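As a plain string of letters, each chain reads:
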Amino acid sequence: MKLREHEGKRIFADAGIPVPAGRVVQSVDELDDLSSFGDRVVLKAQVDVGGRGKAGGVVICGVDEAPARAAELFSKTIKGLAVSELLVEECLSIAHEYYCAVLIDRSTRQPVVLFTEAGGVEIEETARQDPDRIRRFDISPLLTELPAFAVRDLVGPAPKALGPVVSALYRVFLEKDALLAEINPLVVLDDGRVFAADAKVIVDDNAIARQGFRQNRDLTEREAEAERHGFSYVELDGEIGVVGNGAGLTMATLDLIEHYGLRAANFLDVGGGADRERVAHAVRLLAGSPGVRVIIVNLLGGITRCDEVAQGIIDAGVSQRVIVRMAGTNEAEGRALLTEHGYEMYDSMDRAVGAAAEVKV
Ligand code: GDP
Ligand code: MN
């Protein structure tokens, strides 16, 4: 679960990482007294998306303009998400932006600490164009503190005042069962003070109860519905809806869609033993996404019965083309049902996706 910026910053502050003075507001009315912030403020939409600044979710303005600019932000959506909260902060006078993060490296299967002078911009960009500028330190999670030499090597020629922040960020990562604890930008001001200007903390979903967090709040309508049904669902922005069972098969379907030069609208894994009703819910959910013109259902029958799936697809009765690939238990019965109702069914997923590629808009 990704925490909101202000939640991350509260955790940082508790761990001794300096954060800008700020408060969270839910309406423009709460912006009446900003005198404590100085002349300028930063208004930051609290939405769980990356690249929020570029998408217009971060506004730096004079205190006088703040109510009008805040009203604008509240009326906007940032990458499809409504803005229900703003973080209002003092505007920092930034001399340099750094980047620091602790995350799990999947290849070494342990935490890695990253640091670079090229902060502020997206780290993926730096990793592509200038990988040598990112310093890294792999660490066993059994070490509860970063060794001093590691902090020194990570910070390198950057101001020494950043060292304690790097150490504290590693402690936050461990204590919060995080998959990612990231500060971008980690800033040094003209006067030499150091602040976490942004906060991104992703807590392992398996640790949410232990950490006392409430599950996912910032979901789109469809994501919330998918969660209610227990689907693994991720929204993408293509035109081919995908229903699969099993993460591997569903991912393979997405790869094949890409291979055919198409773009998937989502990832949806209905899970094991999908019955008629679950399949109907899944297909209807995708049919309701804007831009979906074809739906590919790619299911392997094991506990899942192909005739149940076929019934679910027929029940859903959506207006888009639904192309099916099924194999396994009661396959022949499933095929008969689908054919009878005018649906296409293929044996191989390659042919199913190929058929989707032929569908004219
Ligand atoms: P993100 O786009 O969601 O990562 O939002 P950030 O919180 O990282 O802000 C984006 C950019 O806004 C930062 O890299 C800074 O350049 C700028 N910014 C954020 N806060 C301040 C501030 O207090 N003062 C100044 N001058 N710039 C800021
Ligand atoms: Mn940022």
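Given the structure is predicted, the values throughout are model-derived calculations rather than measurements. (Residues numbered from 1 in each chain as written. Chains lettered and ligands numbered in written order. Predicted model: local features only at pLDDT ≥ 70, side-chain atom pairs only at ≥ 80, totals over all residues. Heavy atoms only, no water.)

## Overview of the overall build of the protein
A count of helical and extended segments in the protein gives 13 helices and 18 strands. Its C-alpha atoms give the protein principal-axis dimensions of about 75 × 50 × 40 Å. Considering only contacts within the protein whose residues lie at least 6 apart along the sequence, 65% involve residues at least 24 apart. Accessible surface computed for the protein: about 17,300 Å², of which carbon and sulfur atoms make up 50%. (Helix = DSSP H or I, 4+ residues; strand = E, 2+ residues; numbered from the N terminus. Contact = heavy atoms within 4.5 Å. Areas by Shrake-Rupley, 256 points an atom, 1.4 Å probe, with all protein chains shown as cover.)

## Concerning the coordination of the manganese ion (ligand 2)
For the manganese ion (ligand 2), the protein coordination sphere consists of Asn 184 (O) and Asp 198 (OD), at 2.1 to 2.2 Å. Placement of Asn 184 in strand β10 (residues 178-189) and of Asp 198 in the loop between β11 (194-196) and β12 (200-203) is noted, with a sequence separation of 14 residues between them. (Donors = N, O, S within 2.8 Å, 3.2 Å for Na, K, Ca; no water.)

## Details of the site of ligand 1
Ligand 1 sits among 16 residues. The nearest are Lys 44, Arg 52, Gly 53, Leu 92 and Glu 97. Within the contact set of ligand 1, an oxygen atom lies 2.7 Å away from a backbone nitrogen or oxygen of Gly 53. Leu 92 has a polar backbone atom sitting 2.8 Å from an oxygen atom of ligand 1. Here ligand 1 loses 78% of its free accessible area of 570 Å² to cover by the protein chains. Partitioning the shell around ligand 1 into residue classes produces 8 nonpolar, 3 polar and 5 charged. (Near = heavy atom within 4 Å. Polar contact = N/O pair within 3.5 Å; in protein donor to acceptor, adjacent residues only side chain to side chain. Nonpolar A, V, L, I, M, F, W, Y, C, P; charged D, E, K, R; others polar.)

## Regarding the pairing of strand β6 (residues 86-90)
Side-chain direction in a regular strand flips from residue to residue, so the side chains alternate between the two faces of the sheet. Of all 5 residues in β6, 4 are buried, a share of seventy percent or more. Sheet topology note: the strand β1 (residues 22-25)/β6 ladder contains 4 bridges and is antiparallel. If you follow Val 25 over to β6, its bridge partner there is Leu 86. The pairing of strand β2 (residues 40-45) with β6 spans 5 bridges and is antiparallel. The partner of Val 42 across the bridge, within β6, is Glu 89. (Buried < 20%, exposed > 50% of the residue type's maximum accessible area, 1.4 Å probe, protein only. Pairing = 2+ DSSP bridges.)

## Examining the packing of aromatic side chains
A full pass over the atoms with the stated rule returns 2 aromatic pairs. A centroid spacing of 5.7 Å and a plane angle of 85 degrees characterise the contact between Phe 137 and Phe 149, whose relative ring orientation is edge-to-face. Of the two residues, Phe 137 is situated in strand β9 (residues 134-138) and Phe 149 in helix α5 (residues 148-155); the sequence distance between them amounts to 12 residues. (Phe/Tyr/Trp six-rings, centres within 6.5 Å; stacked < 30°, edge-to-face > 60°.)

## Some words on a negative patch on the surface
Together, Asp 29, Glu 30, Asp 32 and Asp 33 give the surface a local cluster of negative charge. Given the relative accessible area of 44%, Asp 33 is considered partly exposed. (Patch = residues over 30% accessible without salt bridge, like charges linked within 9 Å, V, L, I, M, F, W, Y side chains within 5 Å. Salt bridge = Lys/Arg side-chain N within 4 Å of Asp/Glu carboxyl O. Lys, Arg positive; Asp, Glu negative; His and termini not counted. Charge placed at Lys NZ, Arg CZ, Asp CG, Glu CD.)

## Quick word on unusual backbone geometry
Residue Pro 185 is reached from Asn 184 by a cis peptide bond, and omega for that bond is 10 degrees. Structurally, Pro 185 can be placed in strand β10.

## Comments concerning the domain arrangement of the protein
For interface size, the figure often reported is the accessible area lost on association. Annotation of the protein at the domain level lists domain 1 (21-90), domain 2 (94-207) and domain 3 (221-360). Distance from the C-alpha centre of domain 1 to the C-alpha centre of domain 2: 26 Å. (Domains from an automatic or database assignment.)

## Regarding the packing of α5 against helix α6 (residues 163-175)
Two numbers describe how α5 lies on α6: the axes approach to 9 Å, and their chain directions differ by 120 degrees. Classed by the angle they form, the pair α5 and α6 counts as oblique. Seen along the crossing, α5 lies across α6 with a hand that is right-handed. Contacts between α5 and α6 involve Val 151, Leu 154 and Val 155 on the former and, on the latter, Gly 163, Val 166 and Ser 167. (Axes fitted to C-alpha atoms, helices over the stretch in contact; angles between N-to-C directions. Parallel < 35°, antiparallel > 145°, perpendicular 65-115°, else oblique. Left-handed = near helix turned anticlockwise from the far one by under 90°.)

## Some points on the state of the cysteines
Under the counting rule described, the total for this entry stands at 0 disulfides. Cys 91 supplies the cysteine sulfur nearest to Cys 61, a cysteine that is in no disulfide, at a spacing of 9.0 Å. (Disulfide = S-S within 2.5 Å.)

## Overview of the sheet that holds β2
Strands sit in the order β1-β6-β2-β3 across an open sheet of 4 strands; the sheet is antiparallel. This sheet does not close on itself; its edge strands, each paired only once, are β1 and β3 (58-62). When the angles between neighbouring strand axes are averaged without regard to direction, this sheet yields 25 degrees. Where β2 lies against β3, 5 bridges are found, and the strand directions are antiparallel. Considered in β3, the bridge of Lys 44 is made with Val 58. Relative to the sheet, helix α1 (residues 5-14) contacts β1, β2 and β6, its axis offset from that of β6 by approximately 50 degrees.

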